[in-house]
Amino acid sequence: MAVALPAVVEELLNEMAAAMRECARSMAFLFPRLKFVFGSSAVQALDLVDRQSITLISSPSGRRVYQVIGSSGKTYTCLASCHYCSCPAFAFSVLRKSDSLLCKHLLAVYLSQVMRTCQQLSVSDKQLTDILMEKK
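Residues numbered from 1 in each chain as written. Predicted model: local features only at pLDDT ≥ 70, side-chain atom pairs only at ≥ 80, totals over all residues. Heavy atoms only, no water.

**Thoughts on the UniProt feature "domain: SWIM-type" (unreviewed entry) in the protein**
- Look at the UniProt record and you will see "domain: SWIM-type" (unreviewed entry) annotated at residues 76-114.
- Helix and strand shares over residues 76-114 are 51% and 15% respectively, and the end C-alpha atoms of the span are 20 Å apart. (UniProt positions renumbered as here; feature names shortened; annotations may be inferred. Helix = DSSP H or I, 4+ residues; strand = E, 2+ residues; numbered from the N terminus.)

**Side note on the nonpolar core**
- In this structure, L34, F38, I54, Y66, L102 and L111 are the most contacted members of the largest nonpolar core, which totals 37 residues.
- Secondary structure elements with two or more residues in this core: α1 (7-22), α2 (31-38), α3 (40-50), β1 (54-58), β2 (64-69), β3 (75-79), α4 (88-96) and α5 (104-115).
- Of all the elements, α5 adds the most residues to this core, at eight residues.
- With near-sequence residues (within four places) excluded, L102 lies in contact with L5, V9, F38, V94, L107 and Y110.
- With five residues, the next largest nonpolar core counts I57, V65, L128 and I131 among its residues. (Core = buried A, V, L, I, M, F, W, Y, C linked by side-chain atoms within 4.5 Å. Buried < 20%, exposed > 50% of the residue type's maximum accessible area, 1.4 Å probe, protein only. Contact = heavy atoms within 4.5 Å.)

Below you can see the structure in the form of structure tokens.
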């Protein structure tokens, strides 16, 4: 069973993707919607995107994981396929309290996908395993 984002999030990301494809239409009209749905996390996520803090790491087996360098400089691992982030805010605000739909890191991943600003890194399957096991 696939894990789905809330419908409002899916719709907002789809609108952003359509605006990016059109290129003629400004995406500025979507920013107030982002702020309405995600609050201050939207601005923080856009800052992470602007700073090119998101890297898509892929392996020959087709596995994909994102790493986001947070505002504190700490690196967090995000799995977009199951809407997961390794940050404490995700564990507390999203999973435990259900106060937020997404953390800023995961939102930045989705925004960077839509805006096509993700850095790309190809690694071996062993290297990806080490990244997921947090081995240096």
